Amino acid sequence: MARKTPQWEGRIVRVLVCTERKSFVTKELPEARVSFEGLEGDRHAGLTRAADVRTPWFPKGTPIRNTRQFSLVSSEELAQVAETLGIPRVLASWLGANLEVVGVPRLTHLPPGTRLFFPEDTTLVVEGENEPCIGPGRVIEAHHPDVQKLASRFVKAAWQRRGLVAWVERPGIIRVGDTVKVVLPRPVTYVLPASGV
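Nothing here was measured: the structure is a model prediction, and the numbers come from that model.

**Re the environment of L85**
Take L85: it is sitting in helix α1 (residues 75–85). The exposure class assigned to L85 is buried, which follows from its relative accessible area of 3%. Considering only alpha carbons, one finds L85 and I140, 55 residues apart in sequence, at a separation of 10.0 Å. Those residues in contact with L85 that lie beyond four places of it in its chain are V90, V147, L150, R153, F154 and A157.

**Considerations on the sheet that holds strand β3 (residues 31–35)**
Here we have 3 strands laid out as an open sheet, ordered β4-β3-β12, and antiparallel in their pairing. A strand with exactly one partner marks an edge of an open sheet, and here the two such strands are β4 (38–39) and β12 (172–175).

**With respect to the UniProt feature "domain: MOSC" (unreviewed entry) in the protein chain**
Using the residue numbers shown here, the UniProt feature "domain: MOSC" (unreviewed entry) corresponds to residues 26–183. Taken end to end, residues 26–183 has its terminal C-alpha atoms 27 Å apart, with 18% of it in helix and 32% in strand.

Definitions and limits used
Residues numbered from 1 in each chain as written. Predicted model: local features only at pLDDT ≥ 70, side-chain atom pairs only at ≥ 80, totals over all residues. Heavy atoms only, no water. Helix = DSSP H or I, 4+ residues; strand = E, 2+ residues; numbered from the N terminus. Buried < 20%, exposed > 50% of the residue type's maximum accessible area, 1.4 Å probe, protein only. Contact = heavy atoms within 4.5 Å. Pairing = 2+ DSSP bridges. UniProt positions renumbered as here; feature names shortened; annotations may be inferred.

Below, the structure is given as structure tokens:
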């Protein structure tokens, strides 16, 4: 008998987009249309992207499949990051997120292959953790100039709390208030064969 795939639900509290090329900070929308290229109008939309430091197995600039079309963060994890930094809050927009989700425990730890189903057809597939870098830390620091070394401290504070990147499997619409169904992939244990086999 097949094992039941674990699943549960969260809720979308913010939908955000960045339309500028010189900034990653996002702005809130009540809803957004999603195509196979990603969130319509967002700077990270596209079927392909240029290889960068995250893909060292390709020469920099090589066109590759864009599996970073969406950035997702968790309300609960944002609160943890803010507490660690000693500031009142960290906004999803400061991190360049496209979706802020509430009610999904340890969102950043969802494994690659997790599917996120939305009421109006959109389905996203988790590519993996969005590792923190100093860029969002500088944005946070600009909002709290009285707090020392926020930019450099952000990377450690946001480690495994920075959220996820995902790509579009099915287009549709995502709205603030939508329920998102989280379906984990089947767990797989891979073991290398014994030497000589």
